[in-house]
2 protein chains.
Amino acid sequence: MPVKDWLPAAVRAAAIDRKLKAGEALFRLGDRSAGFCEVIAGRVRMARVDRAGHEVILYVAGPGETLAEASLFSPAYHCDAIASTDATVRIYPKAAMLAAFDKDPKAAQAFGATLARQVMNLRTRIEQRNIRSARERVRHYLSVNAGADGRSVDLQGTLKDLAAELGLTHEALYRTLAALERAGEIKRSRGKITLLRPRKGG
Amino acid sequence: MPVKDWLPAAVRAAAIDRKLKAGEALFRLGDRSAGFCEVIAGRVRMARVDRAGHEVILYVAGPGETLAEASLFSPAYHCDAIASTDATVRIYPKAAMLAAFDKDPKAAQAFGATLARQVMNLRTRIEQRNIRSARERVRHYLSVNAGADGRSVDLQGTLKDLAAELGLTHEALYRTLAALERAGEIKRSRGKITLLRPRKGG
DNA sequence: CGGCGTTTTGAGAGAGCTCAACATCGGTGG
DNA sequence: CCACCGATGTTGAGCTCTCTCAAAACGCCG
């Protein structure tokens with residue numbers, strides 16, 4: 001549900017827009033949380049860095065999507081938010097949000113629903129990350145991210161970005177896509193993948 | 001935060017207790033959501049089954065912990081809930097919860113905080129699942145689940161259960177624990193692991 | 001045209017999975 | 001008390017698959 005539909009006017013009025021260059025951090029793990037954000041333009045990724053120094057991507061938010069919902073109830077951010085492209089984000093201050101929830105149960109509930117969606121989203125990602133086989137992981141991604149027709153997936157950004165989001169090396173992803181195409185399972189075109197043998201479930 | 005501290009009396013009064021045998025399902029993916037649950041006794045795991053038929057464990061709830069929070073805003077459950085041991089759960093009906101949120105912003109906010117914790121929890125699990133090395137994954141688990149002293153981890157259930165929760169085969173877990181013990185990094189005793197060289201971060 | 005990042009393909013090595021055998025522990029029943 | 005039985009715990013060997021390191025096209029932009 002778009003933010004516009006449930007966020008009280010008082011909160012929207014308190015929002016602050018911020019522009020980010022590609023690679024620039026909106027916030028880092030441990031920063032004091034200022035509020036939650038809506039991506040207006042571009043793409044912003046939520047990530048953590050593991051002990052080996054690898055970036056673990058938790059979520060990539062595009063225009064209209066929100067991030068850092070959970071930070072409203074926490075004094076600090078629990079992961080990094082970094083612009084993957086040049087981006088514009090709108091920050092809704094924490095204090096205004098919490099105040100609004102007290103006065104407007106509808107807003108509080110809508111926010112709860114947003115958080116609930118986050119939870120489901122994260123669960124799907126855990127399922128994906130649990131798959132060790134590159135081929136199955138890609139299949140899982142494609143079936144989860146297939147468009148309304150269930151057959152085509154639009155790719156945002158580069159394949160290298162996608163590899164990072166999938167938690168694979170870019171070599172593994174290239175090879176896997178090539179193999180799937182050779183097997184007649186998918187068809188690749190500019191910024192798009194078409195499933196030729198759509199699978200159920202996933 | 002314990003459920004007792006924020007759940008309105010009206011909702012608590014509407015709760016229903018249910019006993020489960022080990023292995024019995026509280027609900028399955030796709031079932032119409034009835035409400036959210038608190039584990040009174042025993043352990044209940046949230047899981048999905050992947051295409052290869054393997055169970056992917058999303059969360060294991062023990063006494064006092066809650067599950068299926070997100071289902072309040074969804075018509076159906078998004079994963080399975082299965083008792084790992086004989087267990088008792090308390091079900092708080094969806095309708096009573098939503099009604100309470102309308103009247104009691106405090107409760108709605110506390111619920112939001114609970115969901116936010118879920119989100120953080122899931123993020124940590126994604127980070128864990130992103131680690132391919134069994135040794136590092138076990139280290140990550142130990143550091144995240146270390147007790148207040150930061151040096152000991154109490155194990156619930158069997159090592160086999162733990163292996164499933166970590167997303168490793170039980171053989172890999174046995175070998176890894178044995179190797180860590182040989183390396184003098186941990187000490188194992190009945191249902192407990194002690195870290196001999198506590199690590200920062202993780 | 002030159003430079004840089006993405007896309008591809010190759011070869012080798014490490015690590016976990018699978019299959020398999022065996023030890024250990026707890027409970028059951030004779 | 002002991003034999004039996006199932007599940008957990010443990011170790012071994014081989015295989016597959018991804019990661020890593022390397023190198024070469026390809027595409028885009030100044």
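Residues numbered from 1 in each chain as written. Chains lettered and ligands numbered in written order. Predicted model: local features only at pLDDT ≥ 70, side-chain atom pairs only at ≥ 80, totals over all residues. Heavy atoms only, no water.

Let's talk about the relation of the copies chain B and chain A
Here's step 1: Overlaying chain B with chain A gives an RMSD of 0.1 Å, the required rotation being 180° about an axis along which the chain moves by 0.0 Å. In symmetry terms, the pair is related by a two-fold rotation axis.
Here's step 2: Most of the interface of chain B is mirrored in chain A: 98% of its interface residues are interface residues there too. (Least-squares fit on C-alpha atoms with pLDDT ≥ 70 in both. Contact = heavy atoms within 4.5 Å.)

Section: the protein's contact with DNA strand C
Here's step 1: Around DNA strand C, the structure places 17 residues, and the nearest of them are Tyr174 and Arg188 of chain A together with Ala134, Thr169 and Glu171 of chain B.
Here's step 2: Among the atoms of DNA strand C close to the protein, meaning within 4 Å, 52% are from sugar or phosphate groups.
Here's step 3: Those elements that place two or more of their residues in the surface near DNA strand C are helix H5 (159-166) and helix H6 (170-182) of chain A together with helix H6 (170-182) of chain B.
Here's step 4: Broken down by element, the residue count for the surface near DNA strand C peaks at four residues, all from H6 of chain A. (Near = heavy atom within 4 Å. Helix = DSSP H or I, 4+ residues; strand = E, 2+ residues; numbered from the N terminus.)

Here's the deal with the pairing of strand E10 (residues 186-189) of chain B
Residues and elements named next belong to chain B.
Here's step 1: Direction of pairing for E10 relative to strand E11 (residues 192-195): antiparallel, over a ladder of four bridges. Paired with Lys187 across the strands is Thr194, a residue of E11.
Here's step 2: Hairpin remark: E10 followed by E11, antiparallel, with two residues in the connecting loop; positive phi at Gly191, about 65°. (Pairing = 2+ DSSP bridges.)

What to know about the sheet that holds strand E3 (residues 35-41) of chain A
Residue and element names in this part refer to chain A.
Here's step 1: Pairing within the open sheet is antiparallel, and its four strands lie in the order E1-E8-E3-E6. One side of each edge strand has no neighbouring strand; the edge strands of this open sheet are strand E1 (16-20) and strand E6 (66-67).
Here's step 2: Bridging between E3 and strand E8 (residues 87-93) involves six bridges; their strand directions are antiparallel. From the neighbouring strand, Glu38 faces E8, where its bridge partner is Arg90.
Here's step 3: Across the sheet, helix H2 (residues 94-103) is in contact with E3 and E8; its angle to E8 comes to roughly 50°. (Axes fitted to C-alpha atoms, helices over the stretch in contact; angles between N-to-C directions.)

Topic: the packing of aromatic side chains
Here's step 1: Following the criterion strictly, the structure yields twelve aromatic pairs over all chains and no others.
Here's step 2: Grouping aromatic residues by their ring pairs yields a cluster made of Trp6, Phe36, Phe73, Tyr92, Phe101 and Phe111 of chain A. (Phe/Tyr/Trp six-rings, centres within 6.5 Å; stacked < 30°, edge-to-face > 60°.)

A closer look at the side chain of Gln128 of chain A
Here's step 1: Inspection of the secondary structure assignment puts Gln128 of chain A in helix H3 (residues 105-130).
Here's step 2: Those residues in contact with Gln128 of chain A, other than ones at most four positions away along the chain, are Arg137, His140, Tyr141, Glu165 and Leu166 of chain A.

So, the protein's contact with DNA strand D
Here's step 1: Lining the immediate surroundings of DNA strand D are 21 residues, of which Ala134 and Glu171 of chain A together with Tyr174, Arg175 and Arg188 of chain B lie closest.
Here's step 2: Restricting attention to atoms of DNA strand D within 4 Å of the protein, one finds that 58% of them are sugar or phosphate atoms.
Here's step 3: Take Arg132 of chain B: an N or O atom from its side chain is 3.4 Å from a phosphate oxygen of DNA strand D.
Here's step 4: In the environment of DNA strand D, a phosphate oxygen lies 3.1 Å from a nitrogen or oxygen atom belonging to the side chain of Tyr174 of chain B.
Here's step 5: Of all the secondary structure elements, the ones that give two or more residues to the surface near DNA strand D are helix H4 (134-145) and H6 of chain A together with helix H5 (159-166) and H6 of chain B.
Here's step 6: Element by element, the count of residues in the surface near DNA strand D is highest for H6 of chain B, at five residues. (Polar contact = N/O pair within 3.5 Å; in protein donor to acceptor, adjacent residues only side chain to side chain.)

Some words on the packing of H3 of chain A against helix H3 (residues 105-130) of chain B
Here's step 1: Where H3 of chain A contacts H3 of chain B, the axes come no closer than 9 Å and their chain directions differ by 15°. In terms of their interaxial angle, H3 of chain A and H3 of chain B are classed as roughly parallel. The two elements H3 of chain A and H3 of chain B meet at a crossing, and its hand is left-handed. Residues Ala108, Gly112, Leu115, Ala116, Gln118, Val119, Leu122, Arg123, Arg125, Ile126, Arg129 and Asn130 of chain A of H3 of chain A touch H3 of chain B, and the partners they reach there are Ala108, Gly112, Leu115, Ala116, Gln118, Val119, Leu122, Arg123, Arg125, Ile126, Arg129 and Asn130 of chain B.
Here's step 2: Within the contact of H3 of chain A with H3 of chain B, the residues separate by chemical class into twelve nonpolar, six polar and six charged. (Parallel < 35°, antiparallel > 145°, perpendicular 65-115°, else oblique. Left-handed = near helix turned anticlockwise from the far one by under 90°. Nonpolar A, V, L, I, M, F, W, Y, C, P; charged D, E, K, R; others polar.)

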